[in-house]
Amino acid sequence: MFGRRVPPHIVFALSVLLAVLCGVPAVRYGLAENWLPALIWGAVAVWFAVDAVRSYGWKQQKKS
């Protein structure tokens, strides 16, 4: 925002944290067989996990 970027290691850490925090309710709803909230929380967890993988790639690309 405003021409400044968040460093990739911070994006990676926050994405992993949010993926885990969204994955916990997804599993709990899944175990309770409440499928719609499990699907929604799971999709958001996957979204953040993919974001973490992408930011890890930025970090590796920046090292080279």
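Residue numbers restart at each chain and count upward from 1, following the sequence in its written direction. With pLDDT at 70 or above as the cut-off, local features in this predicted model cover only qualifying residues; side-chain atom pairs require 80 or more to be listed or tallied, and sums for whole chains, interfaces and linings still use all residues. For side-chain calculations, the full set of non-hydrogen atoms in the structure is used, while hydrogens and water are omitted.

Caption draft 1: Summary view of a nonpolar patch on the surface. Here, patches come from residues exposed beyond 30% relative accessible area and free of salt bridges, joined within 9 Å for like charges and within 5 Å for nonpolar side chains (Val, Leu, Ile, Met, Phe, Trp, Tyr). Per-residue accessibility takes into account occlusion by the displayed protein chains alone, with areas from the Shrake-Rupley method and a 1.4 Å probe. By definition here, a salt bridge exists when the distance from a side-chain nitrogen of Lys or Arg to a carboxyl oxygen of Asp or Glu is within 4 Å. Nonpolar side chains collect at one region of the surface, where Val6, Ile10, Leu14, Leu17, Leu18 and Leu21 lie side by side and expose about 520 Å² of accessible area between them. Structurally, Leu14 is set in helix H1 (residues 8-31). Under the scheme used here, helices are H or I runs from DSSP no shorter than 4 residues and strands are E runs no shorter than 2 residues, and both carry numbers assigned from the N terminus.

Caption draft 2: Geometry of the packing of aromatic side chains. Two rings from Phe, Tyr or Trp (for Trp, the six-membered ring) form a pair when their centres are within 6.5 Å of each other. A pair whose planes differ by under 30 degrees is stacked, one over 60 is edge-to-face, and the rest are tilted. In the structure shown here, the tally under the stated rule is 1 aromatic pair. Where Phe12 meets Tyr56, the ring centres are 5.8 Å apart and the plane angle is 45°; that geometry is what we call tilted. Placement of the pair is Phe12 in helix H1 and Tyr56 in helix H2 (residues 35-63), with a sequence separation of 44 residues. Taking the relative accessible area as the measure of exposure, Phe12 reaches 30% and is therefore partly exposed. A simple rule labels every residue: compare its accessible area, found with a 1.4 Å probe on the protein chains alone, to the largest value its type can have, and call it buried under 20%, exposed over 50%, or partly exposed in between.

Caption draft 3: View of the side chain of Ser55. Along the chain, Ser55 falls in helix H2. The buried category is assigned to Ser55, whose relative accessible area is 0%. For this analysis, a polar contact is any N or O atom pair within 3.5 Å, provided that within protein one partner can donate a hydrogen and the other can accept it, and provided that sequence-adjacent residues contribute only side-chain to side-chain pairs. Polar contacts involving the side chain of Ser55 include one to the main-chain carbonyl oxygen of Ala52, which spans 2.9 Å. In what follows, a contact means two residues having at least one pair of non-hydrogen atoms within 4.5 Å. If we ignore the near neighbours within four places in the chain, the residues touching Ser55 are Pro8, Val11 and Phe12.

Caption draft 4: Quick look at the environment of Trp58. Looking at where Trp58 falls in the secondary structure, it is placed in helix H2. For the pair Trp58 and Pro7, spaced 51 residues apart in the sequence, the C-alpha separation amounts to 9.5 Å. Once residues lying within four places of it in the same chain are set aside, the contact partners of Trp58 are Pro8 and Val11.

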